[in-house]
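As a plain string of letters, each chain reads:
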Amino acid sequence: MPTAPQAAAPILSLPSRSQRAGSAKTSPVRDLLALTARPEVISFAGGLPAPELFDVEGIRAAFDAVLDSPGVLQYSTSEGDPGLRDAVARRYSSDGLPTAASDLIVTTGSQQGLGLISTTLVDPGDTILVEEPCYLAALQTFALAGARVVGVPYVGDDLDLDALDRLAAHHGPKFFYTVPTFQNPTGRTHDVEARRTIAAIAQRRGFRIVEDEPYRQLRYSGDALPSLAAFAPGHVISLGSFSKVIAPGLRIGWIRTTADIRSSITIAKQAADLHTSTIDQAAAAHYLASGRGELTLSRIREAYAARRDAMLEMLPSALPDGSSWNRPDGGMFVWVRLPEGRDAASALPAALAHDVAFVPGTSFFSGIPDERTLRLSFTTYSPARIREGLSRLGATWGTGR
Ligand code: PMP
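Parameters at a glance
- Residues numbered from 1 in each chain as written.
- Predicted model: local features only at pLDDT ≥ 70, side-chain atom pairs only at ≥ 80, totals over all residues.
- Heavy atoms only, no water.
- 1 Å grid on protein atoms, 1.4 Å probe; cavity = no way out; pocket = protein on both sides within 12 Å on 5 of 7 lines; lining within 4 Å.
- Points joined across faces, edges and corners; volume = space filled by probe spheres on them.
- Helix = DSSP H or I, 4+ residues; strand = E, 2+ residues; numbered from the N terminus.
- Nonpolar A, V, L, I, M, F, W, Y, C, P; charged D, E, K, R; others polar.
- Domains from an automatic or database assignment.
- Near = heavy atom within 4 Å.
- Polar contact = N/O pair within 3.5 Å; in protein donor to acceptor, adjacent residues only side chain to side chain.
- Areas by Shrake-Rupley, 256 points an atom, 1.4 Å probe, with all protein chains shown as cover.
- Buried < 20%, exposed > 50% of the residue type's maximum accessible area, 1.4 Å probe, protein only.
- Contact = heavy atoms within 4.5 Å.
- Pairing = 2+ DSSP bridges.
- Salt bridge = Lys/Arg side-chain N within 4 Å of Asp/Glu carboxyl O.
- Axes fitted to C-alpha atoms, helices over the stretch in contact; angles between N-to-C directions.
- Parallel < 35°, antiparallel > 145°, perpendicular 65-115°, else oblique.
- Left-handed = near helix turned anticlockwise from the far one by under 90°.
- Right-handed = clockwise from strand over helix to strand, strands pointing away.

Chemist: Account for the layout of surface pockets, with residues named and values stated.
Modeler: The computed volume of the largest pocket comes to approximately 880 Å³. Around the largest pocket, the lining is made up of 37 residues, and of these Gly46, Gly47, Tyr135, Asn184 and Arg375 lie nearest the centre. Counting residues per element, the ones that place at least two in the lining of the largest pocket are α2 (30-34), α5 (109-121) and α6 (136-144). Its residues assigned to classes, the lining of the largest pocket shows 18 nonpolar, 14 polar and five charged. For the lining of the largest pocket, the domains that each give at least three residues are domain 1 (24-53 + 294-397) and domain 2 (56-290). Taken as a whole, the second largest pocket holds about 560 Å³ of empty space.

Below, the structure is given as structure tokens:
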């Protein structure tokens, strides 16, 4: 006899995702920017290093050379490859910031450094201060840590240091996150006086500074500036990366930590991924020791300087009258502000129709966005292609350009 069908088990709703996961914002312009993948589009939107400048031969030789070394295919320590840490420490020290290999923890890109620092320092509900606008994936990391993120505004191209002091006094932040040199998204740099003042405010108000320096070595004009850590050594955690000077696919960065949180960050690193790829670290150390790193960096600097100059020369004819923009001494980005009444996100579809793209600035704000702003990256294309892209952009504004 056939048995009666069993009553279906009641469907229970599954537990929802965490509040933190829900609080990390996705960008509303993401879908539009997906259209920039069309090959005919000249995209100033991405922040990608130029692939033709990767030193493929040198990187291949480094991997070949280390592959037979003992241990490179084995598990390793969470702090990272001793030779690599030593090489990075020597570089800091010769730049005037005494650093021991033991001050450094190798990370899987500096992006992981942001996550490890958040895990180590932030409890849900804690306040952290950021530059306004700020690197988007840092905002996402801080939101996932449950932080309350408060933006410190700029006055023109300078950070509003009085606001930093006031906001620090009011909120008692855990840390201030800054990209002090050639910031993403603005290309702005804090000058020596601003650095000194930021460090003094941190010491006076009792918060830490997280300085994120992936662009520091991409300088094409002007003099190198001291690290914030030189002004307030006990208050500053610095992040570095090979992404912009060797290749982002290596996924190698590091944290230069203060002694008081070193062991906590190491435990967070261990819990995150045990350690960064052993062979990738060994290859990076070998690559630096071979001296090819310096050669590649000077080629990258030379090429990017010409690309920046091509962009800056063309911008007056590519943007509506009344626009303003900065002239960065390095990095990858120029930050544009359109004249009153223009909105960068609304202008993007017309730009895409002309096969050119940019990122509207709104994505980079933690608070109320400035809708007139946009970010242009100048590193991806040759000067001729940049000129072509900007002449397309110039054609998108309609009458009254
Ligand atoms: N910080 C900033 C300011 C960045 O712009 C980027 C990458 N665009 C990162 C961190 C992450 O870099 P990576 O993880 O490749 O080192």
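Chemist: Outline the site of the ligand, listing residues and values.
Modeler: Around the ligand there are 14 residues in total, and Asp212, Tyr215, Ser241, Ser243 and Arg251 lie nearest to it. Ser110 places a main-chain nitrogen or oxygen 2.8 Å from an oxygen atom of the ligand. Between the ligand and Ser241, the relevant distance is 2.6 Å, taken from an oxygen atom to a side-chain nitrogen or oxygen of the residue. Here the ligand loses 91% of its free accessible area of 400 Å² to cover by the protein chains. In terms of residue count, the dominant contributor to the shell around the ligand is α5 (three residues). Looking at side-chain class alone, the shell around the ligand contains five nonpolar, six polar and three charged residues.

Chemist: Can you tell me about helix α7 (residues 161-171), naming the residues and giving the values?
Modeler: Those residues of α7 not exposed but buried are Leu161, Ala163, Leu164, Asp165, Leu167 and Ala168. Looking at the buried positions of α7, the neighbouring elements they touch are β3 (127-131), β4 (148-152), β6 (158-159), β7 (175-178) and α8 (192-205). Where α7 begins, the side chain of Asp160 points an oxygen toward the backbone nitrogen of Asp162, at a separation of 3.2 Å. With its phi angle positive at about 55°, Gly172 sits one or two positions after the end of α7.

Chemist: Could you give an account of the sheet that holds strand β14 (residues 359-360), with specific residues and numbers?
Modeler: Taken together, the four strands give an open sheet; going across it, the order is β11-β12-β15-β14, and neighbouring strands pair in antiparallel fashion. Where the open sheet ends on each side, the last strands, each with one partner, are β11 (324-325) and β14.

Chemist: Requested: an account of the pattern of salt bridges, with residues and values cited.
Modeler: Under the counting rule described, the total for this entry stands at 18 salt bridges. Here Lys174 ties to Asp123 by a salt bridge, and the two come within 4.0 Å at their closest N and O atoms. Of this pair, Lys174 sits in the loop between α7 and β7 while Asp123 sits in the loop between α5 and β3, and the two are 51 residues apart along the sequence. Across the pair Asp157 and Arg188 runs a salt bridge, and its minimum N-O distance is 3.0 Å. Taken together, the residues Asp157 in the loop between β5 (154-155) and β6 and Arg188 in the loop between β7 and α8 connect sequence positions 31 residues apart. Take Asp157: its relative accessible area is 40%, and that puts it in the partly exposed class. By sharing partners, the salt bridges in this structure join Arg38, Glu40 and Asp355 into a single network.

Chemist: Would you mind going over the side chain of Asp126 in detail, with residue names and values included?
Modeler: Along the chain, Asp126 falls in the loop between α5 and β3. A polar contact is formed between the side chain of Asp126 and the side chain of Lys174, at a distance of 2.6 Å. Here Asp126 is in contact with Leu121, Gly146, Ala147, Arg148 and Lys174, once residues within four sequence places are set aside.

Chemist: Give a detailed account of the packing of helix α4 (residues 82-94) against helix α10 (residues 278-289), specifying residues and quantitative values.
Modeler: How two helices pack is summed up by the angle between their axes together with the distance between the axes. Packing of α4 against α10 brings their axes to within 8 Å, and their N-to-C directions diverge by 45°. Between α4 and α10, the angle is such that the two are oblique. Viewed along their axes, α4 and α10 form a crossing whose handedness is left-handed. Together, Gly83, Leu84, Ala87 and Arg91 of α4 and Gln281, Ala284, Ala285 and Leu288 of α10 make up the contact between the two elements. Within the contact of α4 with α10, the residues separate by chemical class into five nonpolar, two polar and one charged.

Chemist: Can you lay out the pairing of β3 for me, pointing to particular residues and giving the numbers?
Modeler: Burial analysis of β3 places five of its five residues in the buried class, which makes it a mostly covered element. Where burial is concerned, the two faces of β3 agree: the one with Thr127, Leu129 and Glu131 and the one with Ile128 and Val130 are both buried. Strand direction decides the pairing type here: β3 and β4, joined by five bridges, are parallel. Counted as the bridge partner of Leu129 is Val150 from β4. For the handedness criterion, the β-α-β arrangement of β3, α6 and β4 is classed as right-handed. Bridge count for β3 against β7 is two bridges, and the pairing is parallel. Directly across from Val130, in β7, lies its bridge partner Tyr177.

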